[in-house]
Amino acid sequence: VWKHIGLHGHSVGTFTADPAAIQWKSAMMGASDDDDIVTSRLIPPRSVASAQWTVFGRSGHIRIQQKPGGGSQSAVALELRFDGFPPTDYDKVRKSFQRLYNVDVTRHSMSSC
């Protein structure tokens, strides 16, 4: 479980990788208890195709590609981008993805040019 992880285009939240799914849940709530607005994303294990890790600035970023039609009606593959991981957590993320989803998280180098 990683807290304060951003989902591209959304706010920050909690990123969880467990045998049931990869889940991201927004930390943003409504103004009152009756007005809770929660945004979440769920990636079933069978739909995870690949993942890449990049360190940019002071945080680790992960891109997760889903197989086309992985649980949705669409034949288009999806990619979700998350940021805010501690840059030293690459090995922890990689081992979790290998063990839980049989997916190797590869390093993706970025140039500052």
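Because the structure is predicted, anything quoted here is derived from the model rather than measured.

Sorry, what's going on with the side chain of glutamine 66 here?
For glutamine 66, the location among the structural elements is in strand β6 (residues 59-66). Reaching out from glutamine 66, the side chain makes a polar contact with the side chain of serine 47 at a distance of 3.4 Å.

Is there a simple way to explain the sheet that holds strand β4 (residues 40-43) in this structure?
Strand pairing in a sheet relies on backbone hydrogen bonds. The paired strands run either parallel or antiparallel. Across the sheet, which stays open at both edges, the eight strands sit in the order β4-β3-β2-β1-β7-β6-β5-β8 with mixed pairing between neighbours. The open sheet is flanked by β4 and β8 (105-107), the only strands paired with a single partner. Taking the axes of each pair of neighbouring strands and ignoring which way they run, one obtains an average angle of 30° across the sheet. Bridge analysis of β6 against strand β7 (residues 79-85) gives six bridges, and the strand direction is antiparallel. The partner of glycine 60 across the bridge, within β7, is phenylalanine 85. Packed onto the sheet, helix α1 (residues 90-101) meets β1 (2-7), β2 (12-18), β3 (21-26), β5 (48-56), β6, β7 and β8 and runs at close to 150° relative to β8.

Quick question: what am I supposed to make of the pairing of β6 here?
Across a regular strand the side chains alternate sides, sitting on one face of the sheet and then on the other. The buried fraction of β6 is high, at six of eight residues. For β5 and β6, the ladder comprises eight bridges, and the chain directions are antiparallel. Looking at β6, one finds that glutamine 52 is bridged to arginine 63. Taking the residues between adjacent antiparallel strands as the criterion, β5 and β6 are bridged by two residues, where glycine 57 takes a positive phi near 70°.

In this structure, what is going on with the nonpolar core? I would like to understand it.
The tendency in soluble globular proteins is for nonpolar side chains to be buried side by side. Judged by nonpolar contacts, the single largest core of 23 residues is most densely connected at Phe15, Ile62, Ile64, Phe82, Phe85 and Phe97. Among the secondary structure elements, those contributing two or more residues to this core are β1, β2, β3, β5, β6, β7 and α1. Setting aside chain neighbours within four positions, we find phenylalanine 82 in contact with Ile5, Gly6, Leu7, Phe15, Trp24, Gly60, His61, Ile62 and Ile64.

It is not clear to me how the packing of aromatic side chains should be interpreted in this structure. Could you clarify?
Both the distance between ring centres and the angle between the ring planes are used here to describe each pair of aromatic rings. According to the stated counting rule, one finds seven aromatic pairs in the structure shown. Chaining the aromatic ring pairs together yields one cluster made of Trp2, Phe15, Trp53, Phe82, Phe85 and Tyr90. Positioned above the aromatic ring of tyrosine 90, the side-chain terminus of arginine 107 is 3.9 Å from the ring centre.

The rules we used
- Residues numbered from 1 in each chain as written.
- Predicted model: local features only at pLDDT ≥ 70, side-chain atom pairs only at ≥ 80, totals over all residues.
- Heavy atoms only, no water.
- Helix = DSSP H or I, 4+ residues; strand = E, 2+ residues; numbered from the N terminus.
- Polar contact = N/O pair within 3.5 Å; in protein donor to acceptor, adjacent residues only side chain to side chain.
- Pairing = 2+ DSSP bridges.
- Axes fitted to C-alpha atoms, helices over the stretch in contact; angles between N-to-C directions.
- Contact = heavy atoms within 4.5 Å.
- Buried < 20%, exposed > 50% of the residue type's maximum accessible area, 1.4 Å probe, protein only.
- Core = buried A, V, L, I, M, F, W, Y, C linked by side-chain atoms within 4.5 Å.
- Phe/Tyr/Trp six-rings, centres within 6.5 Å; stacked < 30°, edge-to-face > 60°.
- Lys NZ or Arg CZ within 6 Å of the ring centre and 35° of its normal.

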